[in-house]
Amino acid sequence: MKKILIIYYSKTKNTETVAKTLADELSAETVEIKDLKNRYGFLSNIGSIIDAIRENKTRIEPETIDLTGYDLLYMGSPTWAGKPAPAIITIIDNLKLKGKDVILFATMGRQGGSNVIDRMAEKIKARGGRIINSFTIKTGGKQFNEIKEDTLKVIAEKDLKIYSIG
Ligand SMILES: Cc1cc2nc3c(=O)[nH]c(=O)nc-3n(C[C@H](O)[C@H](O)[C@H](O)COP(=O)(O)O)c2cc1C
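Residues numbered from 1 in each chain as written. Predicted model: local features only at pLDDT ≥ 70, side-chain atom pairs only at ≥ 80, totals over all residues.

Caption draft 1: Representation of the overall build of the chain. Assigned secondary structure in the chain consists of five helices and eight strands. Against the 2.2 N^0.38 benchmark of 15 Å for 166 residues, the chain shows a C-alpha radius of gyration of 15 Å, consistent with a compact globule. Referenced to the eigenvectors of the C-alpha coordinate spread, the extents of the chain come out at roughly 50 × 35 × 25 Å. In the chain, buried positions account for 39% of the 166 residues. For the chain, the proportion of contacts with a sequence separation of at least 24, taken over those separated by at least 6, is 77%. (Helix = DSSP H or I, 4+ residues; strand = E, 2+ residues; numbered from the N terminus. Rg over C-alpha atoms; globule rule 2.2 N^0.38 Å. Buried ≥ 20, exposed ≤ 12 C-beta atoms within 10 Å, placed from the backbone. Contact = placed C-beta atoms within 7 Å.)

Caption draft 2: Region of the structure containing the site of the ligand. Near the ligand you find 22 residues, and of these Ser10, Asn14, Thr15, Pro78 and Gly109 are the closest. Only α1 (14-26), α2 (42-54), β5 (72-80) and β7 (101-108) provide two or more residues apiece to the shell around the ligand. Partitioning the shell around the ligand into residue classes produces five nonpolar, 13 polar and four charged. (Near = placed C-beta within 6 Å. Nonpolar A, V, L, I, M, F, W, Y, C, P; charged D, E, K, R; others polar.)

Caption draft 3: Geometry of the UniProt feature "domain: Flavodoxin-like" (unreviewed entry) in the chain. Taking the UniProt record as the reference, the feature "domain: Flavodoxin-like" (unreviewed entry) is found at residues 4-160. For residues 4-160, helix accounts for 40% and strand for 26%, while the C-alpha atoms at its two ends are 12 Å apart. (UniProt positions renumbered as here; feature names shortened; annotations may be inferred.)

Caption draft 4: Main features of the packing of α1 against helix α5 (residues 144-157). Running from N to C, α1 and α5 cross one another at 45°; their axes reach a closest spacing of 9 Å. In terms of axis orientation, α1 runs oblique to α5. As for the relative orientation of α1 and α5, their crossing is right-handed in sense. Across from Asn14, Thr17, Val18, Thr21, Leu22 and Glu25 in α1, the residues of α5 making contact are Phe144, Ile147, Lys148, Thr151, Leu152 and Ile155. (Axes fitted to C-alpha atoms, helices over the stretch in contact; angles between N-to-C directions. Parallel < 35°, antiparallel > 145°, perpendicular 65-115°, else oblique. Left-handed = near helix turned anticlockwise from the far one by under 90°.)

Caption draft 5: Structural view of the confidence of the model for the chain. The share of residues in the chain with pLDDT of 70 or more is 100%, and the mean pLDDT across the chain is 97. Reported confidences for the modelled complex are a pTM of 0.98 and an ipTM of 0.99. (pLDDT = per-residue confidence, 0-100.)

What follows is the structure, given as structure tokens:
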């Protein structure tokens, strides 16, 4: 079995639900990237949208992750104004991704997830990583258990367990 790490940011636990479901199904470890900037309240939401559109960096915890020994990475972000969350933009630039296989996922209320995947992919490829698969999950109006069900469906449809072998 490959050693798999799932790296994610999640403000309201939708992306976390996907990450934890993947972790259970694929026997993977997880690392949550925390954004140390206040992202709660109306004004903060506007700030978050501006930060996402401009791809502003943010203060995160952990600042980096030692990826030595991991054969496969999953990386997940919510969609913010059609972009990856600032915490994900920030962590990608702090990781040594040369030669790493990466599977990307994005959650979205309604739309924009594929754009998030594309942008994450561009940045990861620029750092020497290889994107081997990706998927989006729609979360608008869904309970956590429905998001979990949707994730289980994607794991089956995309045959994601195949990447754990070897
Ligand atoms: C600042 C902000 C911007 C967002 N922009 C979008 C968007 O452009 N398109 C969309 O479908 N959902 C958008 N959403 C909804 C989130 O992408 C969606 O709820 C996601 O599943 C949240 O993941 P999380 O619970 O892991 O934080 C936005 C949410 C926030 C807080």
